[in-house]
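Coordinate inspection notes
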Amino acid sequence: MADRRLSHARSGYDKGVDAARFFIELQTRAGAPADVRDPLTAARAYLDNACEDEARALRLVIGALLSGRADLEEADLWTFTPEGARLAAALIDAQMRGLYKDSEWRSALLRLV
């Protein structure tokens, strides 16, 4: 179900990419997801120390995972450090596996804003 939602998401920007393509590229760059039990909690801790651009991109990824819509630009791929890319890949994997309910994604996104 999540694959179908994400495959139809498009950015409103000229240099935007659809969420599914963005996530595939991000996962490719990451190599493997970060080995964390609770990616949402790990994201919260990671954002405390991430640079502003990477934090914004990670929040956009979480928002896209929740809504299936994205304001992602290709340039956002390059803001991730290797560690941030692995964490984002872990979040994508968690969403695909149904690790969290939609309410948990929403709650996490509100706490991360």
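Residues numbered from 1 in each chain as written. Predicted model: local features only at pLDDT ≥ 70, side-chain atom pairs only at ≥ 80, totals over all residues. Heavy atoms only, no water.

1. Things to note about the pattern of salt bridges
- Under the defined criterion, the tally for this structure stands at three salt bridges.
- The shortest N-O distance in the salt bridge between Arg56 and Asp76 comes to 2.5 Å. Of this pair, Arg56 sits in helix H4 (residues 52-67) while Asp76 sits in helix H5 (residues 74-77), placing them 20 residues apart in sequence.
- The class of Arg56 is partly exposed, set by a relative accessible area of 39%.
- According to the relative accessible area criterion, Asp76 is buried, its value standing at 3%. (Salt bridge = Lys/Arg side-chain N within 4 Å of Asp/Glu carboxyl O. Helix = DSSP H or I, 4+ residues; strand = E, 2+ residues; numbered from the N terminus. Buried < 20%, exposed > 50% of the residue type's maximum accessible area, 1.4 Å probe, protein only.)

2. So, the nonpolar core
- Residues Phe23, Leu26, Leu58 and Phe80 are the most contacted members of the largest nonpolar core, which totals 32 residues.
- Contributing elements (two or more residues each) for this core: helix H2 (19-30), helix H3 (39-47), H4, helix H6 (82-97) and helix H7 (102-112).
- In terms of residue count, the dominant contributor to this core is H4 (eight residues).
- Setting aside chain neighbours within four positions, we find Phe80 in contact with Phe22, Leu26, Arg29, Glu54, Ala57, Leu58, Val61, Ala85 and Ala88. (Core = buried A, V, L, I, M, F, W, Y, C linked by side-chain atoms within 4.5 Å. Contact = heavy atoms within 4.5 Å.)

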